[in-house]
Protein chains: 2
Amino acid sequence: MDINRYCVIMAGGQGTRLWPMSRKACPKQFQDVLGCGRTLLQQTYDRYSRIVPRENIIISTHVDYTDIVREQLPDVPDKQVIHEPAFRGTAPSIANLACHIRTLNPNANIVVAQSDQLVLDEEKFVDTVSRGLDFVAENNKLVVIGIKPTCPETRYGYIQAEGAPVDGSFYKVRTFTEKPALEFARIFVDSGEFYWNSGIYIWNVQAIIDTMSKCLPDMMNTLESIYNEIPDRDQRRKRGYEIYTSFPNASFDLSVMERADNVYVVVGEFGWADIGTWDTLYSTLPKDGKGNVFVGGGVLLYDSNNNMVVTPKNKQLVMQGVDDLMIVDTDDVLMVCRKGNEDDIRRFLNDAKMKLGEKMA
Amino acid sequence: MDINRYCVIMAGGQGTRLWPMSRKACPKQFQDVLGCGRTLLQQTYDRYSRIVPRENIIISTHVDYTDIVREQLPDVPDKQVIHEPAFRGTAPSIANLACHIRTLNPNANIVVAQSDQLVLDEEKFVDTVSRGLDFVAENNKLVVIGIKPTCPETRYGYIQAEGAPVDGSFYKVRTFTEKPALEFARIFVDSGEFYWNSGIYIWNVQAIIDTMSKCLPDMMNTLESIYNEIPDRDQRRKRGYEIYTSFPNASFDLSVMERADNVYVVVGEFGWADIGTWDTLYSTLPKDGKGNVFVGGGVLLYDSNNNMVVTPKNKQLVMQGVDDLMIVDTDDVLMVCRKGNEDDIRRFLNDAKMKLGEKMA
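This structure is a prediction, so every number in the text was calculated from the model and none was measured.

**Comments concerning the overall build of chain A**
Part 1 of the reasoning: Counting secondary structure elements, chain A contains 11 helices and 17 strands.
Part 2 of the reasoning: In terms of overall dimensions, chain A is globule-like: its C-alpha atoms have a radius of gyration of 21 Å, near the 21 Å expected for 361 residues.
Part 3 of the reasoning: Overall, the C-alpha framework of chain A stretches about 65 × 45 × 35 Å when taken along its three principal axes.
Part 4 of the reasoning: Of the contacts formed within chain A by residues at least 6 apart in sequence, a portion of 68% connects residues at least 24 apart.
Part 5 of the reasoning: Measuring between centres, the 40 positive side-chain charges of chain A sit 2 Å from its 49 negative side-chain charges.

**Points about the sheet that holds strand β15 (residues 316-320) of chain A**
Part 1 of the reasoning: With mixed pairing, the six strands of this open sheet are ordered in space as β13(A)-β15(A)-β17(B)-β16(B)-β14(B)-β12(B). The sheet is open, and its two borders are formed by β13 (298-302) of chain A together with β12 (293-295) of chain B, each paired with just one other strand. Sheet twist, expressed as the average angle between the axes of neighbouring strands with direction ignored, equals 5 degrees.
Part 2 of the reasoning: As paired elements, β13 of chain A and β15 of chain A share five bridges and run parallel to each other. Directly across from leucine 301 of chain A, in β15 of chain A, lies its bridge partner methionine 319 of chain A.
Part 3 of the reasoning: Contacting β13 and β15 of chain A together with β17 (333-338) of chain B, helix α11 (residues 344-356) of chain B runs over the sheet at an angle of about 145 degrees to β13 of chain A.

**Here's the deal with the pairing of strand β9 (residues 194-204) of chain B**
Residues and elements named next belong to chain B.
Part 1 of the reasoning: Of all 11 residues in β9, 11 are buried, a share of seventy percent or more.
Part 2 of the reasoning: Direction of pairing for strand β4 (residues 109-114) relative to β9: antiparallel, over a ladder of four bridges. Bridge pairing in β9 places valine 112 opposite tyrosine 201.
Part 3 of the reasoning: Note that strand β7 (residues 158-166) and β9 share three bridges and pair antiparallel. Paired with tyrosine 158 across the bridge in β9 is tryptophan 196.

**Description of the packing of aromatic side chains**
Residue and element names in this part refer to chain B.
Part 1 of the reasoning: In total, this model carries 28 aromatic pairs over all chains according to the counting rule given.
Part 2 of the reasoning: Summarising the aromatic geometry, the rings of phenylalanine 135 and tyrosine 264 are spaced 6.5 Å apart at their centres and angled 55 degrees between planes, so their arrangement reads as tilted. One end of the pair, phenylalanine 135, is in helix α4 (residues 122-138); the other, tyrosine 264, is in strand β10 (residues 263-268), and 129 residues separate them in sequence. Neither phenylalanine 135 nor tyrosine 264 differs from the other in exposure class; each is buried.

**Quick word on α4 of chain B**
Residue and element names in this part refer to chain B.
Part 1 of the reasoning: For α4, spanning 17 residues, the distance from its first C-alpha to its last is 25 Å, which sits close to the expected 24 Å at 1.5 Å a residue.
Part 2 of the reasoning: Buried residues of α4: Phe125, Val126, Thr128, Val129, Ser130, Gly132, Leu133, Phe135 and Val136, and no others.
Part 3 of the reasoning: Taking the backbone nitrogen of glutamate 123 as reference, a side-chain oxygen 3.2 Å away marks aspartate 121 as the first, capping residue of α4.

**So, the environment of asparagine 197 of chain B**
Residues and elements named next belong to chain B.
Part 1 of the reasoning: With respect to the helices and strands, asparagine 197 occurs in strand β9.
Part 2 of the reasoning: Residue classification places asparagine 197 among the buried residues on the basis of a relative accessible area of 12%.
Part 3 of the reasoning: With 151 residues separating them along the chain, asparagine 197 and aspartate 46 place their C-alpha atoms 22 Å apart.
Part 4 of the reasoning: Excluding residues that lie within four positions of it along the chain, asparagine 197 makes contacts with Val144, Ile145, Gly157, Ile159, Phe176, Asp253 and Trp272.
Part 5 of the reasoning: Among the polar contacts listed, one links the side chain of asparagine 197 to the backbone nitrogen of glycine 199, at a separation of 2.9 Å.

**A closer look at the relation of the copies chain B and chain A**
Part 1 of the reasoning: Mapping chain B onto chain A calls for a screw motion: a turn of 180 degrees about the axis and a shift of 0.0 Å along it, with 0.0 Å RMSD after fitting. The superposition operator between the copies reduces to a two-fold rotation axis.
Part 2 of the reasoning: A high fraction, 100%, of the interface residues of chain B reappear at the interface in chain A, so the copies pair face to face through one surface.

**Structural notes on the pattern of salt bridges**
Residue and element names in this part refer to chain A.
Part 1 of the reasoning: Applying the stated criterion across every chain, the model contains 34 salt bridges over all chains.
Part 2 of the reasoning: A salt bridge links arginine 23 to aspartate 332; the nearest nitrogen and oxygen atoms lie 3.0 Å apart. With arginine 23 in the loop between β1 (5-10) and α1 (40-49) and aspartate 332 in the loop between β16 (325-329) and β17 (333-338), this residue pair connects regions lying 309 residues apart in the sequence.
Part 3 of the reasoning: You can call arginine 23 buried: its relative accessible area is 10%.

Basis of the calculations
- Residues numbered from 1 in each chain as written.
- Chains lettered and ligands numbered in written order.
- Predicted model: local features only at pLDDT ≥ 70, side-chain atom pairs only at ≥ 80, totals over all residues.
- Heavy atoms only, no water.
- Helix = DSSP H or I, 4+ residues; strand = E, 2+ residues; numbered from the N terminus.
- Rg over C-alpha atoms; globule rule 2.2 N^0.38 Å.
- Contact = heavy atoms within 4.5 Å.
- Lys, Arg positive; Asp, Glu negative; His and termini not counted.
- Charge placed at Lys NZ, Arg CZ, Asp CG, Glu CD.
- Pairing = 2+ DSSP bridges.
- Axes fitted to C-alpha atoms, helices over the stretch in contact; angles between N-to-C directions.
- Buried < 20%, exposed > 50% of the residue type's maximum accessible area, 1.4 Å probe, protein only.
- Phe/Tyr/Trp six-rings, centres within 6.5 Å; stacked < 30°, edge-to-face > 60°.
- Expected span 1.5 Å × (residues − 1).
- Polar contact = N/O pair within 3.5 Å; in protein donor to acceptor, adjacent residues only side chain to side chain.
- Least-squares fit on C-alpha atoms with pLDDT ≥ 70 in both.
- Salt bridge = Lys/Arg side-chain N within 4 Å of Asp/Glu carboxyl O.

Following this line, the structure appears as structure tokens:
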């Protein structure tokens, strides 16, 4: 496998929209959300291990989750786990990781992976990411994987491509659009020019550092000076994270991708979903003949349709005469609500915290 | 307290209609079904301790539940716990207990209590039972407590009274009617002559033995001969239970109460319910302003009406946008069904046993 290939798995999110399964103490990426025996992080690691040498796979997570990562990925040495000292959005995180990887290998080609995504066709996935890594090895461009949309989904960002492809697959990006209203999503899909933003990015290390230096010069100057002034790798990395909290809470998409002029999209068609919300999970997972999705334990079902139920593996669900419910059963919370009211989850979470304290988060 | 007063608490039932909370390994009488901190058995014991000397309270249960009874009523010595070796209905059980109590005290006046009932006004309850015990001390009659009906309930048996009361409170029983159809229940209630059968019986020990000897002569002859021939009390009791399995599976109500001519009813008005089914429990327990009943842990409620939910004490329920559901959350079963379909519970239980084995019972 190409030793210049690197992968960073972003695993520091809190996944509040999958509450009460996803909890601050153990967010969704560390859970077997799909009920398949492997957590989302483990599945992500398995997937990228087919593309990138294992010793070049880096897990970026919050310092609170160090032990969970060690437990779930026991083969990954500590030096490949990077701890964010605070939640500061994606831009500071990606900048720091880029500076760090450059010290390991200035010829690194990096794929930035998300730890909470579903991929159905791994062969096609491996092919797409590999082509991306090969492309950025030769081109100082930022590549994002765009997913060919299957419906006018309003929960995803959209990427508009333009012109003829470079190297047969890489289209220049014209616009990024955050989650659109349904009428726009329909127009986007019908046009054939738009793709879902997967949040999977591919670039060589110098290209991302150069681009970020243009888009976020203050932050990059601070980081570069640390990396130049402190010769010891561990000390340097430590210092970089010490000043982390001084960085603005910046979204990488908004502050870099939407402003850079060297962004390209490669189209993925590998059965993809971002497991961000219960609704996504419901629409993603296979249904029984009556539109029900069950994750977890056994089920005895009578006259029930279009429900989504998540139970512990060792629990038996008995369900009769109910439709369109969203039920999540965890150790300390039982949530029973109408399916499709995903915006209410935050309200439930906030009310639970107000009433019972931070342990509910 | 009158040393001739005895109480037998019947605690051998399996409570299948409160599945999945009530389980063969720990039926409803051993659970805190009302969420008040005491199990139904403990509450029953507390209640009768106000009427009968504690050393005269006998718990009749299945041999499998000996340890649970010992744990829940640690002050009750082993000799006051009688173990049925098999489920054989109420008639053999009551006959055996009567013969046993006669050996302890031939002047015993006995109240036969059920361990799965709710009593709201304990003062009135104590008064009614005490009057019954005083009455049977002077009269060789079988007394049943009849509950003044508050609605045409079809889940209870009805007792018809006739004529003027003896001693001001004790009416001769004219008929027993098992669970009637709704139209009959309405007529019963409107007539003013009918009472719900509480299953609480009061008699002196000789009266019940004499009456049962007339109604079930074979069984009583077998029992009497054992009690006459074996002088040692423990040996005798042991032998009585050894032949227990040879007795027919007979209901006491059908084979004795409905056939005897010395049965009287005393009217109770103390806020009573038999906690036999989820529907009873729902109609019995206090509702919030929206018709919901919650037993167990905390609740965050949004736009939900007329639900009955039982959760573990340490669990938080979050409920939104659902009506008329019956939800029971136990360690190994989560039941979510339409409220009011109580006949389906047996089907669920049977299907669960078929699919997953006897551990589900």
